[in-house]
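Observations on the model geometry
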Amino acid sequence: MSDELIGQDADRRRALKQDLAKYHCRVHQPDDPPLFTRSPQPATQSVHWRWEDLCPLLERIGQEVDLTAGGPRRTLRLHNPGLPRGTTNTFWASIQVILPGEVATAHRHTANALRFIMQGEGAWTTVDGECYPMRTGDLVLTPSWAWHDHVHRGDQPMIWLDVLDISLMQALEATFFEPYTDGLQPVDTMPDRSWRQFGSGLMMPPGAQPRAGGANPLLAYPFDMAEKAIAAAAGMPGDAYDDVALEYRNPLGGGPAMPTLAMRMQLLRSGFVGRKRRHTGSKLYYVMRGEGATSVGDQRFAWCAGDLFTVAPWDWHAHENTGGQDALLWQVNDLPVLKSLGYFREELA
Ligand code: 1HN
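Bear in mind that the values here come from a model prediction, so they are computed numbers and not experimental data. (Residues numbered from 1 in each chain as written. Predicted model: local features only at pLDDT ≥ 70, side-chain atom pairs only at ≥ 80, totals over all residues. Heavy atoms only, no water.)

Now for the site of the ligand. Taken together, Arg 73, Thr 75, Ser 94, Gln 96, His 107, His 109, Arg 115, His 148, His 150, Asp 162, Leu 164 and Ile 166 make up the full set of residues near the ligand. His 107 places a polar side-chain atom, nitrogen or oxygen, 2.8 Å from an oxygen atom of the ligand. Take His 150: an N or O atom from its side chain is 2.8 Å from an oxygen atom of the ligand. The fraction of the free accessible surface of the ligand (330 Å²) that becomes covered by protein chains is 87%. For the shell around the ligand, the secondary structure elements donating two or more residues are strand E3 (92-98), strand E4 (103-109), strand E9 (148-152) and strand E10 (158-164). Partitioning the shell around the ligand into residue classes produces two nonpolar, seven polar and three charged. (Near = heavy atom within 4 Å. Polar contact = N/O pair within 3.5 Å; in protein donor to acceptor, adjacent residues only side chain to side chain. Areas by Shrake-Rupley, 256 points an atom, 1.4 Å probe, with all protein chains shown as cover. Helix = DSSP H or I, 4+ residues; strand = E, 2+ residues; numbered from the N terminus. Nonpolar A, V, L, I, M, F, W, Y, C, P; charged D, E, K, R; others polar.)

Let us now look at a nonpolar patch on the surface. Residues Met 1, Leu 5 and Ile 6 make up a contiguous nonpolar surface patch of roughly 340 Å² in combined accessible area. Residue classification places Leu 5 among the partly exposed positions, given a relative accessible area of 43%. (Patch = residues over 30% accessible without salt bridge, like charges linked within 9 Å, V, L, I, M, F, W, Y side chains within 5 Å. Salt bridge = Lys/Arg side-chain N within 4 Å of Asp/Glu carboxyl O. Buried < 20%, exposed > 50% of the residue type's maximum accessible area, 1.4 Å probe, protein only.)

Bringing the packing of aromatic side chains into the picture now. Scanning the model with the defined rule gives eight aromatic pairs in all. Judged by centre distance (6.5 Å) and plane angle (80°), the ring pair of Trp 145 and Phe 176 falls under edge-to-face. With Trp 145 in the loop between strand E8 (139-142) and E9 and Phe 176 in the loop between helix H4 (166-171) and strand E11 (177-179), the pair connects residues that are 31 residues apart, well separated along the chain. Exposure remark for Trp 145: the relative accessible area of 31% places this residue in the partly exposed category. For Phe 176, a relative accessible area of 53% corresponds to the exposed category. For the ring pair Trp 303 and Phe 309, a centre distance of 6.4 Å and an interplane angle of 15° mean the geometry is stacked. Each residue in the set Tyr 285, Phe 301, Trp 303 and Phe 309 is aromatic and connected to the rest through ring pairs, giving one cluster. The cationic tip of Lys 276 hangs over the ring face of Trp 316; the distance from NZ or CZ to the ring centre is 5.5 Å. Seen from the ring of Phe 344, Lys 339 lies directly overhead, with NZ or CZ sitting 4.7 Å from the centre. (Phe/Tyr/Trp six-rings, centres within 6.5 Å; stacked < 30°, edge-to-face > 60°. Lys NZ or Arg CZ within 6 Å of the ring centre and 35° of its normal.)

Now for helix H2 (residues 51-64). An ideal rise of 1.5 Å per residue puts 20 Å on 14 residues; H2 measures up with 19 Å between its terminal C-alpha atoms. On the buried face of H2, the contacting elements are strand E1 (48-49), strand E2 (75-77), E3, strand E5 (113-119), E10 and strand E19 (308-311). (Expected span 1.5 Å × (residues − 1). Contact = heavy atoms within 4.5 Å.)

Note on placement: Leu 246 falls in strand E13 (residues 244-247). Accessibility expressed as a relative area gives 31% for Leu 246, which makes it partly exposed. Along the backbone, Leu 246 and Arg 289 are 43 residues apart, and their C-alpha atoms lie at a distance of 16 Å.

Structure (structure tokens):
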């Protein structure tokens, strides 16, 4: 098309914009950003949070943020500077601080939530009546619409990572929330019920049923189980991208532990240098042990224990272990959403 024709078309489109607006209609405008890009152009950024920065901030919110007066939780949110809210385009991650004797009262929400215990012990979480003692490295699930509260019976502050699919839930305008009428929900007489029934992953009660809505019946994945599984898997040849990685799965049917979020434990052995890949979907890593570096896009995140970092959708990334000991990473990602909707794509270098 000639410049003249393009110019005339643009004028007609601008005139139409005015006339159509009152009918809540529009045509594409010349200055609209392109609707379809050849590949994703995420607003989400890949971000690195260093433990050396987080640690004093966590101590400060422990002292300055009141759990009872200001709200039912005390959390340090990991904010993505490319987004108005949230850690990635689908989920929010925050670090919760709970002090000895404190109670985080019961509520429920449609957002799927999970906790990964960063440090401490002595806090108990109750999910739909099932009480579970949380220890470092444990993964505890709070499926959509499950009542949950936390009570800290230990004598040291405790911190854990909370991940909720809030941005996804908000995009779908499916937000429901309900506070419990009392502070705490009644506790089942049998602690760790779901772990006792489903924890082996291999044997379970005949006729075992998923929770409401097809949800995973297993609510907790203790660290010693994950560590043993990773140690066993490390006897096999490693993967060129991830070295040794295992995903937490739903014991009924083998799908991801939550419908929207998948979690993994990953061992990068000393000397490992991984290959580059990119894929749709976003993820957050938490470094449990060791030292290494992850190149993400044109950034290099040199990480050590306690650090967290995101990989934005479609960013090239590769991990390496730069330390003298094995590195252990924990990961949460939104790949179940992309895979179940047919939006998952991957490119390997
Ligand atoms: C929430 O309900 C918890 O239940 C933790 O412990 C973090 C972050 C945003 C919104 C709700 C919890 C949260 C949250």
